[in-house]
Amino acid sequence: MKTKDKTVLKQKLKESLASVLPITAIVFLLCFFVIPVPTDILMAFVVGAVMLTVGMGLFTLGTDLAMSPVGEHVGSAITKSRKLWFIITVCLLVGTIITISEPDLQVLAEQVPNIPNAVIVWTVAVGAGLFLVIALLRILLNIKLSYLLIFFYALAFILALFVPKEFLSVAFDAGGVTTGPMTVPFIMALGIGVSSIRYDKNAENDSFGLVALCSIGPIIAVLLIGMLYNPGESTYTPVVIPEIDTSDELWGIFSSQFPKYLKEVSLALLPIILFFAIFQIFRIKLKKDSIIRIGVGFLYTYAGLVLFLCGVNVGFMPVGNYIGRALGGLSYNWIIVPIGMLIGYFIVSAEPAVHVLNKQVYEMTSGTIPQKTLKTTLSIGVAASVGISMLRIILGIPIMYILVPGYLAAVALSFFVPPIFTAIAFDSGGVASGPMTATFLLPFAMGAVDACGRDVVTYAFGVIATVSMIPLIAIQVLGLIYKLKTKSNERKTLIAEELSDSEIFEMEGDI
């Protein structure tokens, strides 16, 4: 490893540690002062936190070295061909295969009754692939993003009228789980590569919005499947709480899961590597040094994602479910709302794809939107969404009572903020609802719903959908503030210039 790469790796590990420490500290405070947790679950959580930190550091470095460059090169190569059929075919194929590889999609498929897992997986994947094609064509044809968002979300809510209410939460969660750590870096980089062939002033802004549209496809696809199969009341698989007596057993729980995630991540990365290899041979033709660097990046991505997924699934899921069940069973279970908000505020920092989004937004806007500002706004949005989800669990509020007004507000804001903020906002919804949400917040919600005596799938599912929605509003409000400040500064500058001109005129008169 080169000295420069070692320095970057240390920086990435430092950043991931700063992201994981807050949520770890919150869990410890809850365990010691609010909810006593068995030592075996807590120790599994500690090991999981260490794996999460190292895994995220390696993954983000691998994304910089491999995933983002490959996405940009492939996006640029397919659009330079100027053949529409070629662009559509490749994008549909890439979008479908990469979505199939998302680990969280398998979790979602297992929750849907009366429909085979393979049907759900392939339907969602094809939906994501089709909307990736639509997203890229939007860039090439310079179509306004807000028009497409209004049309497709309206279609989704119309379809929701014909789907069993028990199935709605699962359907809208589909949009969040399919835009995870594998798809987001590649899709966002693909957008940059495609937009690079345009030379108008809006080209860079239009590189955002791909994740937003790719999140709608799975929602519509799952709603259509719900209409065709008419599934009954959903069931869920309870989280297994491990029983550990010795350190050997603790290690055994994690080591037994390594083969599973080694295989899952291999299947996830293999299609991307094969696509890149084909494009390298026939179109891109990068130099040897670049190929080696990308190869090393894939190794970092592979190792990092294996550690990350093993850490969150084995270490974080049980403690999240246990704490949620314990808090939901308290006589003052309303406390789950502020605690959920606190967890939501910090947990978004531990999502791998959030780091990718922050970095690309900062680079594409030349620092106009600072990473810290975007991260804070996203954290506030996720905190609000988790708080609303917990309140929905306690009061038994139907999911559509939250989603319909929320998306109406998000779409309405799109007419008053700069287009780039709308694109970033709708991208952030899919990015915020990644593995940490699926493996900590969802089990946390499941435990709380179970303790409150409500239907788990109807009320626990939907937390991912809410986490995907509220940031759309939060970041667009940031855009509105930015727009108002910009206008205020322009007005002040204009007044200053007018005063300056009048002073010069007076001086000339005196002379």
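Structural data are supplied above this passage.
Q: Can you break down the nonpolar core residue by residue, with the values?
A: Formed by 159 residues in total, the largest nonpolar core has its most connected members in Leu223, Phe279, Phe316, Ile323, Ile343 and Leu403. Ranked by the residues each element gives to this core, the list is headed by helix 2 (residues 39-80), at 15 residues. Dropping the residues within four chain positions of it, Ile323 is found in contact with Val27, Leu30, Cys31, Val37 and Phe444. In terms of nonpolar packing, the next biggest core, distinct from the first, is built from five residues, Leu9, Leu58, Leu65 and Tyr300 among them.

Q: Give a detailed account of the pattern of salt bridges, specifying residues and quantitative values.
A: Applying the stated criterion across every chain, the model contains two salt bridges. Residue Asp64 is joined to Lys12 by a salt bridge in which the shortest nitrogen-to-oxygen separation is 2.7 Å. Placement of the pair is Asp64 in helix 2 and Lys12 in helix 1 (residues 3-33), with a sequence separation of 52 residues. Overall, the relative accessible area of 26% leaves Asp64 in the partly exposed class.

Q: Go over the state of the cysteines with me, naming the residues and quoting the values.
A: Inspection of the entire model under this criterion finds zero disulfides. Its sulfur unpaired, Cys91 is 9.3 Å from the next cysteine sulfur, which belongs to Cys214.

Q: Just give me the short version of helix 5 (residues 117-141), but keep the residues and values in it.
A: Taking 1.5 Å of rise per residue, the 25 residues of helix 5 would be expected to cover 36 Å, and the 36 Å separating its terminal C-alpha atoms lies within 8% of that figure. Two residues or fewer after helix 5 comes Asn142, characterised by a positive phi angle close to 60°.

Q: How would you explain a nonpolar patch on the surface if you had to name every residue and give the values?
A: A grouping of Ile158, Leu161, Phe162, Leu224 and Met227 is seen on the molecular surface, where their side chains present a nonpolar patch of about 520 Å² in accessible area. Structurally, Phe162 can be placed in the loop between helix 6 (145-160) and helix 7 (165-177). Judged by its relative accessible area of 56%, Phe162 is exposed.

Q: Go over empty space enclosed by the protein, please, and point to the residues and values.
A: In this structure the tally under the stated criterion is two cavities of 30 Å³ or more. Roughly 90 Å³ of volume is contained in the largest cavity. Lining the largest cavity we find 13 residues, and of these Tyr153, Ser215, Tyr407, Gly430 and Ser468 sit closest to its centre. Of all the elements in the fold, those that place two or more residues in the lining of the largest cavity are helix 7, helix 9 (210-229), helix 17 (419-432) and helix 20 (463-510). Across the lining of the largest cavity, the residue classes tally to seven nonpolar, six polar and no charged.

Q: Give a description of the packing of aromatic side chains that names residues and reports values.
A: Scanning the entire structure with this criterion turns up 16 aromatic pairs. With a centroid separation of 6.3 Å and 75° between ring planes, the pair formed by Phe28 and Phe45 is classed as edge-to-face. Separated by 17 residues along the polypeptide, Phe28 in helix 1 and Phe45 in helix 2 bring together distant segments of the chain. Using a relative accessible area of 24% as the deciding quantity, one classes Phe28 as partly exposed. Under the relative-accessibility criterion, Phe45 is labelled buried at 0%. Ring centres 4.6 Å apart and planes at 45° place the aromatic pair Phe45 and Phe316 in the tilted group.

Q: For a negative patch on the surface, give the residues involved together with the corresponding values.
A: Residues Glu243, Asp245, Asp248 and Glu249 make up a contiguous surface patch of negative charge. When you line up the elements, Asp248 lands in helix 10 (residues 247-255). Of the residues examined, Asp248 reaches a relative accessible area of 65% and is grouped as exposed.

Q: Explain the layout of surface pockets residue by residue, including any values.
A: Its boundaries defined by the atoms lining it, the second largest pocket holds a volume of some 330 Å³. If you go around the second largest pocket, you meet 18 residues; those closest to its centre are Lys12, Glu15, His355, Asn358 and Gln371. Elements with a contribution of two residues or more to the lining of the second largest pocket: helix 1, helix 2, helix 14 (352-364) and helix 15 (371-395). The biggest single contributor to the lining of the second largest pocket is helix 1, with six residues. Across the lining of the second largest pocket, the residue classes tally to three nonpolar, nine polar and six charged.

Q: So what's going on with the environment of Ile253? Which residues, and what values?
A: Assignment of secondary structure puts Ile253 in helix 10. Classification of Ile253 as partly exposed rests on a relative accessible area of 23%. Linking Ile253 and Cys310, residues 57 residues apart in sequence, is a C-alpha distance of 10.0 Å.

Q: Run through the side chain of Ser428, naming residues and quoting values.
A: By secondary structure assignment, the location of Ser428 is in helix 17. Residue classification places Ser428 among the buried positions, given a relative accessible area of 0%. Here Ala425 takes part through its backbone oxygen, which lies 2.5 Å from a polar atom of the side chain of Ser428. Beyond its immediate stretch of four places on either side in the chain, Ser428 contacts Leu357, Leu378, Pro471 and Ile475.

Reading the values: rules and limits
- Residues numbered from 1 in each chain as written.
- Predicted model: local features only at pLDDT ≥ 70, side-chain atom pairs only at ≥ 80, totals over all residues.
- Heavy atoms only, no water.
- Core = buried A, V, L, I, M, F, W, Y, C linked by side-chain atoms within 4.5 Å.
- Buried < 20%, exposed > 50% of the residue type's maximum accessible area, 1.4 Å probe, protein only.
- Helix = DSSP H or I, 4+ residues; strand = E, 2+ residues; numbered from the N terminus.
- Contact = heavy atoms within 4.5 Å.
- Salt bridge = Lys/Arg side-chain N within 4 Å of Asp/Glu carboxyl O.
- Disulfide = S-S within 2.5 Å.
- Expected span 1.5 Å × (residues − 1).
- Patch = residues over 30% accessible without salt bridge, like charges linked within 9 Å, V, L, I, M, F, W, Y side chains within 5 Å.
- Areas by Shrake-Rupley, 256 points an atom, 1.4 Å probe, with all protein chains shown as cover.
- 1 Å grid on protein atoms, 1.4 Å probe; cavity = no way out; pocket = protein on both sides within 12 Å on 5 of 7 lines; lining within 4 Å.
- Points joined across faces, edges and corners; volume = space filled by probe spheres on them.
- Nonpolar A, V, L, I, M, F, W, Y, C, P; charged D, E, K, R; others polar.
- Phe/Tyr/Trp six-rings, centres within 6.5 Å; stacked < 30°, edge-to-face > 60°.
- Lys, Arg positive; Asp, Glu negative; His and termini not counted.
- Charge placed at Lys NZ, Arg CZ, Asp CG, Glu CD.
- Polar contact = N/O pair within 3.5 Å; in protein donor to acceptor, adjacent residues only side chain to side chain.

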